[in-house]
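Structural characterization, general
Spelled out from the first residue to the last, the chains are:
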Amino acid sequence: MFQRGCPRVGRGANQPEAMTDVARLFADTIRDGGTIFITGCSHSSIFAQEVFYRAGGLMLINPIFLPGMTLENPPPTRTSKYERISGIAESVLSESAIRAGDILVIASISGRNIVPIEMAIWAREHGVRVVALTSSRYSGTVPSRHASGKRLFELADIILDVLSPPGDAVLDIAGLTVRTAPTSTVIGIAILHSVIAQAIEILIEYGLTPPVFMSANLDGGDAHNAQILEQYKDRIHYM
């Protein structure tokens, strides 16, 4: 039985342990009939786009795309404004398919903005487990923009830590006053795929056959995917 307490933080040497905890939480939730959701604002919405409806991906990862907070909606500067507006999280989650016993992965590298924080608060109040994909190094240097004073890592059940520095970028170039070469997306996606692969292994250990997409560009892929999508249609909310 999953019990809330202090969040497990995946810093440094503890990161593999936190990743295993999330993988087992994913597997147990799927085994017990629950669903996994993932969301993020602005560039953090890329994490949700990466892990759903993709070749080799677990079919039961459901994205929640927030209105006005994905980058294909110009101007992108609007995403930074919207993620600081109170009330959006409740409006979106209350009308979603997420239920008590499900998991919500919330990606926010700084962990300071209002929408991801209010999503975590709403999830906890409704019996949904919260996994934060964030940077403890970054978040620890900035104050919350939420009235509670909390940052995302302080509201999560388990933390997947990308360890990105404040500002995310890591490269100093002579003549440039700001850093370049951001790190969070590539690291966070690698972490998520590793966790999902381990969850698939655990489900097999449980004697279950995980629903995994086959590339539609391989012969037999369309038929394989159509069969499994129909089998799990009650827990796939993006079709």
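Here goes a summary of the coordinates provided. (Residues numbered from 1 in each chain as written. Predicted model: local features only at pLDDT ≥ 70, side-chain atom pairs only at ≥ 80, totals over all residues. Heavy atoms only, no water.)

Here the focus is helix α5 (residues 114-125). Along its 12 residues, α5 runs 16 Å from first to last C-alpha, staying within 8% of the 16 Å computed at 1.5 Å per residue. Of all 12 residues in α5, nine are buried; the element is thus mostly enclosed. Taken as a whole, α5 has its buried residues at Ile114, Val115, Pro116, Ile117, Glu118, Met119, Ala120, Trp122 and Ala123. In this structure, the buried residues of α5 make contact with β2 (36-40), α3 (77-82), α4 (88-94), β4 (103-107) and β5 (129-134). Directly beyond the C-terminal end of α5, a positive phi value near 75° is found at Gly127. (Helix = DSSP H or I, 4+ residues; strand = E, 2+ residues; numbered from the N terminus. Expected span 1.5 Å × (residues − 1). Buried < 20%, exposed > 50% of the residue type's maximum accessible area, 1.4 Å probe, protein only. Contact = heavy atoms within 4.5 Å.)

Each regular strand displays side chains that alternate between the two surfaces of the sheet. Where burial is concerned, the two faces of strand β6 (residues 158-161) agree: the one with Ile158 and Leu160 and the one with Ile159 and Asp161 are both buried. Bridge count for β5 against β6 is four bridges, and the pairing is parallel. The partner of Leu133 across the bridge, within β6, is Leu160. (Pairing = 2+ DSSP bridges.)

Formed by 44 residues in total, the largest nonpolar core has its most connected members in Phe26, Ile38, Phe47, Ile61, Leu160, Leu192 and Val195. Here this core gets nine residues from one element, more than from any other, and that element is helix α7 (residues 184-205). Listed in part, the 26 residues of the second largest apolar core include Cys41, Met119, Ala120 and Leu152. (Core = buried A, V, L, I, M, F, W, Y, C linked by side-chain atoms within 4.5 Å.)

Turning next to the environment of Ile36. Within the secondary structure, Ile36 sits in strand β2. Ile36 gets classed as buried once you look at its relative accessible area, which sits at 1%. Every residue in contact with Ile36, bar those within four places of it in the chain, is listed here: Phe26, Ile30, Leu60, Ile61, Asn62 and Ile103.

Right, let's get into the pairing of β4. The buried fraction of β4 is high, at five of five residues. Burial of the side chains of β4 extends over both faces: Ile103, Val105 and Ala107 are buried on one face and Leu104 and Ile106 on the other. Two strands pair when backbone bridges link them, and β2 and β4 are joined in this way by five bridges, in the parallel orientation. Across the sheet, the residue bridging to Ile36 is Ile103, located in β4. Bridging between β4 and β5 involves five bridges; their strand directions are parallel. When the sheet's bridge partners are listed, Ala107 is paired in β5 with Leu133. In terms of handedness, the path from β4 via α5 over to β5 forms a crossover that is right-handed. (Right-handed = clockwise from strand over helix to strand, strands pointing away.)

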